[in-house]
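Working through the structure, step by step
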Amino acid sequence: MSEETTDVLVIGSGFGGAIPAYHLAAGGARVTVLERGPRLAAEDFAHSMRLGTYNRIVDVIQGDGISVVAGNCVGGGSVVYFAASLRAPAFAFERSGSLGRRIWPAALTRAALDPWYERVEEALPVARTGWQDVSYAGGVLAAACRRSGHTCNPVPVAVDTGRCTNCNWMLSGCRFDAKRSMLLNYLPGAEAHGAVIRPLHEVQLLGPSTESGYRYAAAYTVLDPGDYSCTAEVGVIHAKVVVLAAGAVGSPVILQRSALPLGGIPPAVGRYFSGNGDRVSVADVDETKVRTLLGLSRPDGAAYEGLPIGRPITAATYDYLDPAAPEYSRFMLQQIYFPPLTNLLARTASAPDWFGVAKRSLRGRWPSWLTLLAMTEDDNEGTFGPPPLTGGFLRLAPGLGRGTMAYHPTARTRGGWNTADDALRAILEKDGLAQVRPWSEDVAGTVTAHPIGSVRIGDDPAGSALSDTHELRGHTGLFVTDGSAVPASLTVNPSLTIAALAERAVPAIVFRAREAAVDVTYGAPLPRP
Amino acid sequence: MTSRDMRRRDVVTALTATLTALAAGQVIRPGAADALGSTGGRAEAAGESWTTQTLEAFADTLIPGQRRYPGDLAVAGAVTGPGAVQAGVVDVLTSPDLPLAPLLPEIAALLDARAVAYALDHLVLLPVTSPPFVGLSFAQRTDLVAGLFRPGTPDRPVWQILGLVTGLAFDTAATLDTAQAVAAAHPGLAWLHFPPPDADGLWRFPQFSYGRALADTHPATTASGSPA
């Protein structure tokens, strides 16, 4: 067993880990990043759905009532995400949710976070897109919105649109280095300043360090690249400051397992878990009506038949983000593409709705599907059960696991989903343009790619595990900066908010590092894109 | 004795015969996964194990296809054209990339036990020459499978995983590189009309947009394109 020291230990290398890793390393600290997944680069990302390709870097983790899609590689979710880069609307920061009082810390409003949003938009960078960037699928949503009296926006993305080939394989990582993942900005920036990134290192346990001057010790296992459920070796690393960013279904599990050695953890760890209110629907679009009602046709003569073409997210309507509307009734409707891995979940109008003869016929019209994501206001009703012996979940197969989280939607969450379903039908079923059905919950519960809230920030110790500086209550120098810190659903894709919060957390992390005699300063320029 | 009692007695007699035959080993039910691999997905009625037939019938219930040959029992023949069986579901279930193979005989036995219980409940006479689940009609298989996925079903996670893998076989050609699968007209990908890649095996869509404004944008959009 190896034993070593570092100034700052970063656990996880997605948005929440890469951003602090860069700033701490650039400021002069010794930074070590331990990442559970493998390290891949553009040439390794395969345009393939063969088992052994995408499922090396993406996990589907099934819990009780919810399934989570999560990145599992250096760069984390930023490598496999769809790069929609939206600031959360101002009202999202004012939500009360199930607490009956404001959930977010008093220090955080949209205006307070705007400067940090600007920084990450510059660093990634984020491209503001125009109609020429909107895919056929996004175009059908936009035209249907207009026809039903609604607005629709091209969605800003962290993509170099000049390099993008519109291949639609974003879940597999970007073969063309067009997606501005952490692999292209913060992580190489951190390494240029001496940070060490170790893939296939899974942290299992945190506890107090026995080394003088070091606050924490982390025990990790090194995973077999061919089978992540096998351990090749074990080690311990001592750190003066720990940044935990193992993802919203990873970080709470590590903390739960560490409760005893840490001398207790806040009661909000592993509670208030949210899927960001995600609700996916499939519209079965009538090609003839795309032409006659919407007046659309492609250069090759087809009307639509465009589901597999273009970037996964290109258009959304902001019309249901009215700050004056009651909580649980606001949402964004966004066009989205999922690879056919999720086809099983699409539903027909008649029982049995997700399998059988009619469902097979629906599959035959796959290019004419339009997939939609509603991001609603949910109730943070998810909880994590006792942790597994190792890892974040029980690995059943490569890319598939059984997690300990439970999510049983409350009536308010379901009410929000129903409101979004109604809005979607009003737009897309008008005059028979399409038939819209939300994904079945029979096979995987509700499905989210946006897990948040499981170790959240706040002002109230009962309702939040972290202070407004992302420090775990009662544990000086232990910070959580990933999606688990986001306190409530945002009604937009959470990546930009996770990144902005991580940027905002850095000065406090630097302060704690300096307290522990680390010679580090804050204020390095953003990594060069 | 009513006709209903009579029917129930016939069913119980037939089920008893089936279970007795199973217990005595008179009905071949090889458990080894390699037996699956040697016959899976091929049009050889005689060589198919009970495990294979049962799993094929389950997959055919989720994504039906046409019978492969006269007398095909596993595939119910509810449609013409390809289904999960034609798309290679057995190859995926037994793939070395998944750890399922050793568990398949037990999973099939569980499904067959469910079919026996279903037959008892619904007064269905099952033949003794095929696995109980295969002995059900397509409508009965459909009814049974719908029940397996209802919340509260104790072994629901087993069927969820079997369902996911069945979907992967048809919708993603999970044991094949996608470019090769498209080139070889994989039945599932062909059914979806999955588009072909460029000559180098990578996908690019130079034409992807209607290229014009199709709606007014929201008046409160910020400079970065976000909602206010």
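Residues numbered from 1 in each chain as written. Chains lettered and ligands numbered in written order. Predicted model: local features only at pLDDT ≥ 70, side-chain atom pairs only at ≥ 80, totals over all residues. Heavy atoms only, no water.

Notes on the sheet that holds strand S5 (residues 153–154) of chain A
All names here are of chain A. Formally: Following DSSP output, two strands are said to pair if at least two bridges run between them. Going along the chain from the N terminus, every DSSP run of H or I of four or more residues is numbered as a helix, and every run of E of two or more is numbered as a strand.
Read from one edge to the other, the open sheet built from six strands follows the order S5-S11-S12-S13-S10-S17, with strand pairing classed as antiparallel. Edge positions in the sheet fall to S5 and strand S17 (434–438), since each has one partner strand and no second. Bridge count for strand S12 (residues 332–336) against strand S13 (residues 369–375) is five bridges, and the pairing is antiparallel. By the bridge assignment for S13, Ile 336 is matched with Thr 371.

Notes on empty space enclosed by the protein
Empty space left among the atoms is revealed by rolling a probe the size of a water molecule over them. Rule in force here: In this analysis, the protein atoms alone were mapped onto a 1 Å grid. Cavities are point sets where a 1.4 Å probe fits without being able to get out; pockets are open sets with protein on both sides within 12 Å along at least five of seven lines; lining residues have an atom within 4 Å of a point. Grid points are joined across faces, edges and corners, and a volume is the space filled by probe spheres set on the points.
Applying the stated criterion across every chain, the model contains six cavities of 30 Å³ or more. Looking at the largest cavity, its volume works out to about 120 Å³. Contributing to the lining of the largest cavity are 17 residues, with Asn 168, Trp 169, Tyr 337 and Pro 339 of chain A together with Phe 194 of chain B lying nearest its centre.

A closer look at the UniProt feature "domain: Glucose-methanol-choline oxidoreductase N-terminal" (unreviewed entry) in chain A
So the rule is basically this: UniProt positions are given in the numbering used here, feature names are shortened, and annotations may be inferred rather than shown by experiment.
In this structure's numbering, the residues bearing the UniProt feature "domain: Glucose-methanol-choline oxidoreductase N-terminal" (unreviewed entry) are residues 33–260 of chain A. A distance of 24 Å separates the end C-alpha atoms of residues 33–260 of chain A, which is 19% helix and 24% strand.

Here's the deal with the side chain of Asn 276 of chain A
Note the following rule: Throughout, exposure labels follow a simple rule: accessible area from a 1.4 Å probe, protein chains only, divided by the maximum for the residue type, with under 20% read as buried, over 50% as exposed, and the rest as partly exposed.
Structurally, Asn 276 of chain A is set in the loop between helix H6 (251–257) and strand S10 (278–285). In this structure Asn 276 of chain A comes out as buried when scored by relative accessible area, which is 0%.

Quick look at the UniProt feature "domain: Glucose-methanol-choline oxidoreductase C-terminal" (unreviewed entry) in chain A
UniProt tags residues 447–502 of chain A as "domain: Glucose-methanol-choline oxidoreductase C-terminal" (unreviewed entry). With 14% helix and 9% strand, residues 447–502 of chain A has end C-alpha atoms that lie 25 Å from one another.

Thoughts on the pattern of salt bridges
Residue and element names in this part refer to chain A. Note the threshold: The term salt bridge refers to a side-chain nitrogen of Lys or Arg lying within 4 Å of a carboxyl oxygen of Asp or Glu.
According to the stated counting rule, one finds 35 salt bridges over all chains in the structure shown. Measuring nitrogen to oxygen at the nearest pair gives 2.8 Å for the salt bridge that ties Asp 431 to Arg 147. Of this pair, Asp 431 sits in the loop between helix H9 (411–428) and S17 while Arg 147 sits in helix H4 (residues 136–147), placing them 284 residues apart in sequence. What makes Asp 431 partly exposed here is its relative accessible area of 44%. The class for Arg 147 is partly exposed, based on a relative accessible area of 32%. In this structure, Arg 298 engages Asp 300 in a salt bridge whose closest nitrogen and oxygen atoms are separated by 2.7 Å.

Quick notes on helix H3 (residues 110–123) of chain A
Turn by turn, an α-helix covers 3.6 residues, leaving residues three or four places apart pointing in a common direction. Residue and element names in this part refer to chain A. Quick reminder of the rule: To estimate how far a helix should reach, multiply one less than its number of residues by 1.5 Å. For a residue, the bend is simply the angle between two axes, fitted respectively to the seven-residue segment ending there and the seven-residue segment starting there.
An ideal rise of 1.5 Å per residue puts 20 Å on 14 residues; H3 measures up with 19 Å between its terminal C-alpha atoms. Approximately 30 degrees is the largest bend angle found in H3, and it occurs at Trp 116. Within the sequence span of H3, burial applies to Arg 110, Leu 113, Asp 114, Trp 116, Tyr 117, Val 120, Glu 121 and Ala 123.

Focus on the interface of chain A and chain B
The condition that has to hold: For this analysis, residues touch if any pair of their heavy atoms sits within 4.5 Å. The term buried area denotes the loss of accessible surface (1.4 Å probe radius) that occurs when two parts are joined, taken as the sum for both partners.
Taken together, the 77 residues of chain A in the interface contact 66 residues of chain B. Both sides of the chain A and chain B interface together cover about 6000 Å² of buried area, and 62% of this is carbon and sulfur. When the shortest N-O distance is used, the salt bridge between Asp 171 of chain B and Arg 363 of chain A registers 2.8 Å. Elements supplying a minimum of two residues to the side of chain A that touches chain B: H3, H4, S5, helix H8 (357–364), strand S15 (394–397) and strand S16 (400–406) of chain A.

A short note on unusual backbone geometry
Residue Pro 125 of chain A is reached from Leu 124 of chain A by a cis peptide bond, and omega for that bond is -10 degrees. Within the element layout of this structure, Pro 125 of chain A appears in the loop between H3 and H4. Residues Ala 351 of chain A and Pro 352 of chain A are joined by a peptide bond in cis, for which omega reads -10 degrees. The topology assignment puts Pro 352 of chain A in the loop between S12 and H8. Despite not being glycine, Glu 305 of chain A has its phi angle at roughly 40 degrees, a positive value. Turning to its location among the elements, Glu 305 of chain A is positioned in the loop between helix H7 (287–292) and strand S11 (315–317). A positive phi angle, near 60 degrees, is found at His 193 of chain B, a position not held by glycine.

What to know about the packing of aromatic side chains
Put simply, the rule is: What counts as a ring pair is set by centres within 6.5 Å for rings of Phe, Tyr and Trp (its six-membered ring), and what kind of pair is set by the plane angle: stacked under 30 degrees, edge-to-face over 60, tilted for all other angles.
Within the structure shown, the criterion is met by 16 aromatic pairs over all chains. A centroid spacing of 4.7 Å and a plane angle of 75 degrees characterise the contact between Trp 354 of chain A and Phe 149 of chain B, whose relative ring orientation is edge-to-face. Placement of the pair is Trp 354 of chain A in the loop between S12 and H8 and Phe 149 of chain B in the loop between helix H7 (138–148) and helix H8 (156–172), with the two residues belonging to separate chains. For Phe 149 of chain B, a relative accessible area of 1% puts it in the buried group. With a centroid separation of 5.5 Å and an interplanar angle of 15 degrees, the aromatic rings of Trp 366 of chain A and Phe 194 of chain B are classed as stacked. Of the two residues, Trp 366 of chain A is situated in the loop between H8 and S13 and Phe 194 of chain B in the segment after helix H10 (187–192); the pairing between them involves two chains.

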